[in-house]
Amino acid sequence: QLQASGGGLVQAGGSLRLSCVASGRTFSTYVMGWFRQAPGKEREFVARISWGGGTTYYTDSVKGRFTISRDNTKNTVYLQMNSLKPEDTADYYCAAGVGLALPTTARNVDYWGQGTLVTVSS
């Protein structure tokens, strides 16, 4: 089970940090990531991180602004979001997978958490 939190309302240029806590004792064996879904749009990939945290990958629109990290001792994955833009407004979903890397296509993701809403005002 994945429990996401940390969303909220922020002005453009501001920052938020999302957290996702996973239940279970095998968290370190899962690849993790974040997707987002804006109203009327499909769920899109944002970022992913490897089992040990050494490899990360981002969609182009967030590179240099967002940072994904994980703490396997706390069963938690984070998404630090800086320099937020109005177009970052969306429900953000934590995702987990059992493969070598988290898929970047939503339909191929194994596990989902509930969304946490991020609203960026201009």
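See the structure shown above.
Caption draft 1: Main features of the overall build of the protein. Scanning the protein from N- to C-terminus turns up zero helices and ten strands. For the protein, the C-alpha radius of gyration of 13 Å lies close to 14 Å, the compact-globule estimate for 122 residues. On the principal axes, the C-alpha backbone points of the protein span a range of 40 × 25 × 25 Å. Looking at the protein residue by residue over its 122 residues, the buried ones come to 40%. Sequence-distant contacts in the protein: of pairs separated by 6 or more residues, those separated by 24 or more amount to 57%.

Caption draft 2: The arrangement of unusual backbone geometry in detail. Backbone geometry places Asn-75, a non-glycine residue, at a positive phi of 50 degrees. Here Asn-75 is to be found in the loop between strand S7 (66-71) and strand S8 (76-81). What makes Asn-75 buried here is its relative accessible area of 17%. Unusually for a residue other than glycine, Ser-83 sits at a positive phi of about 50 degrees. By the secondary structure assignment, Ser-83 is in the loop between S8 and strand S9 (90-97).

Caption draft 3: Local environment of the sheet that holds S7. Spatial ordering of the open sheet is given by S1-S3-S8-S7, a layout of four strands whose pairing is antiparallel. In this open sheet, the two strands that pair with only one neighbour each are strand S1 (2-5) and S7. Strand-to-strand twist of the sheet, defined as the mean angle between neighbouring strand axes without regard to direction, takes the value 15 degrees. Alignment of S1 against strand S3 (residues 16-22), held across four bridges, turns out to be antiparallel. Paired with Gln-3 across the two strands is Val-21, which belongs to S3.

Caption draft 4: View of the nonpolar core. In this structure, Trp-34, Leu-79, Met-81 and Tyr-92 are the most contacted members of the largest nonpolar core, which totals 27 residues. Of all the elements in the fold, those that place two or more residues in this core are S1, S3, strand S4 (31-37), strand S5 (44-49), S7, S8, S9 and strand S10 (111-121). Excluding anything up to four places from it in sequence, Leu-79 contacts Leu-16, Arg-17, Leu-18, Trp-34, Val-46, Ala-47, Phe-66, Thr-67, Ile-68 and Tyr-92.

Caption draft 5: Inspection of the state of the cysteines at higher detail. Evaluation of the coordinates by the stated rule reveals one disulfide. Each disulfide pairs two cysteine sulfurs, and for Cys-20 the partner residue is Cys-94, the sulfurs being separated by 2.1 Å. One disulfide, between Cys-20 and Cys-94, carries an S-S torsion of -85 degrees and so falls in the left-handed class. Of this pair, Cys-20 sits in strand S3 while Cys-94 sits in strand S9; the two residues are 74 residues apart in sequence, bridging distant segments of the chain.

Rules behind the numbers
Residues numbered from 1 in each chain as written. Predicted model: local features only at pLDDT ≥ 70, side-chain atom pairs only at ≥ 80, totals over all residues. Heavy atoms only, no water. Helix = DSSP H or I, 4+ residues; strand = E, 2+ residues; numbered from the N terminus. Rg over C-alpha atoms; globule rule 2.2 N^0.38 Å. Buried < 20%, exposed > 50% of the residue type's maximum accessible area, 1.4 Å probe, protein only. Contact = heavy atoms within 4.5 Å. Pairing = 2+ DSSP bridges. Axes fitted to C-alpha atoms, helices over the stretch in contact; angles between N-to-C directions. Core = buried A, V, L, I, M, F, W, Y, C linked by side-chain atoms within 4.5 Å. Disulfide = S-S within 2.5 Å.

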